[in-house]
Amino acid sequence: MMKKTWSGVVVAMFILSLPVSVMSQDYASAFEKVRVQAVAGHAEAQQELGRMYVNGIGVTKDYVEAVNWYNRAAEQGLADAQFNLGSIYFRGEIISKDYVAASKWFSKAAVQGHAEAQYYLGMMSSDGLGIPKSHTEAFKWYSKAAEQDLAAAQYNLAVMYYNGDGVNQDYEKAAEWFTRASTLGLARAQYDLGRMYARGLGVPKDNIHAYKWLDVAAAQGVTRARELRDNLEKEMTREDVSRARFLSEEFRSTP
């Protein structure tokens, strides 16, 4: 929920609408306005100032200052800043990689309901990065992020149900979460869902729906999906292939 009218997005859109000749001047002006609010203690402005230092918007790039301002916003409890700070430590691109610090900030954002932080915390729990390895914890955090329609979390949750990692193996649940991730456009989920329909795992065996999802995934560049679709087509009637192609096109053309 937006609590304040201040918005870095609005500032950026305004700047991009200006002639190139005055852009640098207005970037600098925008930076100064944000800096004043950040110094005054506004958490959203502090986070935006961190972003501007990272990207060199209106100021020379300065990763130390970027981390400083992200940290100030994160210490005030701003979930987005906590997630950004966790991401910086996780990736190790602008400062040394530190999984312990990353897990600390992801945890703080995750308990506030930040879906991406929940996803990363699930991944770190699964791999034992910065925190003890635990499929149970991974399942918990993936579940929370998946319920917020984060496709990557839905996919990982489906895989856990499929493999029985941290939860009883359940092909029906796996198919349910593959379906939700597929509907959101995740190609690897579409491929796996197509395979489940082709084999009748968790869903009734259905070559038409198998072909549909494999075709959708193939359209996104998944080579294995194209190969499996082409092999499946050899077992289908012309009418079934036509129906499956219609369903694929219908899905792909829906906004």
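Fair warning: this is a prediction, and the values are worked out from it, not measured in the lab.

Conventions used here
Residues numbered from 1 in each chain as written. Predicted model: local features only at pLDDT ≥ 70, side-chain atom pairs only at ≥ 80, totals over all residues. Heavy atoms only, no water. Axes fitted to C-alpha atoms, helices over the stretch in contact; angles between N-to-C directions. Helix = DSSP H or I, 4+ residues; strand = E, 2+ residues; numbered from the N terminus. Parallel < 35°, antiparallel > 145°, perpendicular 65-115°, else oblique. Left-handed = near helix turned anticlockwise from the far one by under 90°. Contact = heavy atoms within 4.5 Å. Salt bridge = Lys/Arg side-chain N within 4 Å of Asp/Glu carboxyl O. Buried < 20%, exposed > 50% of the residue type's maximum accessible area, 1.4 Å probe, protein only. 1 Å grid on protein atoms, 1.4 Å probe; cavity = no way out; pocket = protein on both sides within 12 Å on 5 of 7 lines; lining within 4 Å. Points joined across faces, edges and corners; volume = space filled by probe spheres on them. Nonpolar A, V, L, I, M, F, W, Y, C, P; charged D, E, K, R; others polar. Core = buried A, V, L, I, M, F, W, Y, C linked by side-chain atoms within 4.5 Å. Phe/Tyr/Trp six-rings, centres within 6.5 Å; stacked < 30°, edge-to-face > 60°. pLDDT = per-residue confidence, 0-100.

Quick look at the packing of helix H9 (residues 151-163) against helix H10 (residues 171-183)
So, point 1. As a packed pair, H9 and H10 sit with axes 8 Å apart at the nearest point and diverge in direction by 165°. With respect to H10, the element H9 is oriented roughly antiparallel. Seen along the crossing, H9 lies across H10 with a hand that is left-handed. Contacts between H9 and H10 involve Ala-151, Gln-154, Tyr-155, Leu-157, Ala-158, Val-159, Tyr-161 and Tyr-162 from the first element and Tyr-171, Lys-173, Ala-174, Trp-177, Phe-178, Arg-180 and Ala-181 from the second.

Remarks on the pattern of salt bridges
So, point 1. As enumerated under the stated definition, the model contains 12 salt bridges in all.
So, point 2. Here Glu-137 and Lys-140 are joined by a salt bridge, their closest N and O atoms 3.3 Å apart. Of this pair, Glu-137 and Lys-140 both sit in helix H8 (residues 135-147), three residues apart, which is roughly one turn of that helix.
So, point 3. On the basis of relative accessibility, which here comes to 31%, the residue Glu-137 falls in the partly exposed class.
So, point 4. A single salt-bridge network, built from bridges that share partners, covers Asp-215, Arg-229, Asp-230, Glu-249 and Arg-252.

Let's talk about the layout of surface pockets
So, point 1. If you add up the space inside the second largest pocket, you get close to 200 Å³.
So, point 2. Lining the second largest pocket, in full, are Val-54, Tyr-70, Phe-83, Asn-84, Ser-87, Ile-88, Arg-91, Gly-92, Glu-93 and Ile-94.
So, point 3. For the lining of the second largest pocket, the residue count by class is five nonpolar, three polar and two charged.

Digging into the nonpolar core
Side chains that are nonpolar tend, in soluble globular proteins, to be buried together.
So, point 1. Formed by 83 residues in total, the largest nonpolar core has its most connected members in Phe-106, Tyr-119, Tyr-142, Phe-178 and Met-196.
So, point 2. Broken down by element, the residue count for this core peaks at nine residues, all from H9.

Comments concerning unusual backbone geometry
So, point 1. The residue Asp-149 is not glycine, and still its phi comes out positive at about 65°.
So, point 2. For Asp-149, the position within the fold is in the loop between H8 and H9.

What to know about the packing of aromatic side chains
Geometry of an aromatic ring pair is reported as the spacing of the ring centres plus the angle between the planes.
So, point 1. All told, the structure shown has 13 aromatic pairs when counted by the stated rule.
So, point 2. When the ring of Phe-90 is compared with that of Tyr-99, the centres are 5.6 Å apart and the planes differ by 55°; the resulting orientation is tilted.
So, point 3. Taking the relative accessible area as the measure of exposure, Phe-90 reaches 15% and is therefore buried.
So, point 4. Judged by its relative accessible area of 28%, Tyr-99 is partly exposed.
So, point 5. Here the aromatic residues Phe-83, Phe-90, Tyr-99, Phe-106, Tyr-119, Tyr-120 and Tyr-142 are joined through ring pairs into a cluster of three or more.

Observations concerning the side chain of Ser-182
So, point 1. With respect to the helices, strands and loops of the structure, Ser-182 is situated in helix H10.
So, point 2. When near neighbours in sequence (up to four residues on either side) are disregarded, Ser-182 contacts Ala-189, Gln-190, Leu-193, Trp-213 and Phe-251.

Observations regarding the environment of Asp-240
So, point 1. Examined against the element boundaries, Asp-240 turns out to sit in helix H14 (residues 238-253).
So, point 2. Among the residues examined, Asp-240 registers a relative accessible area of 30% and is labelled partly exposed.
So, point 3. Put simply, Asp-240 and Ile-208 are 32 residues apart on the chain and 6.1 Å apart in space, counted from C-alpha to C-alpha.

With respect to the confidence of the model for the protein chain
So, point 1. Here the protein chain averages 90 in pLDDT, while 90% of its residues score no lower than 70.
So, point 2. Predicted confidence for residues 1-23 stays below pLDDT 50, and this span has 18 contacts to residues more than four positions away or in other chains.

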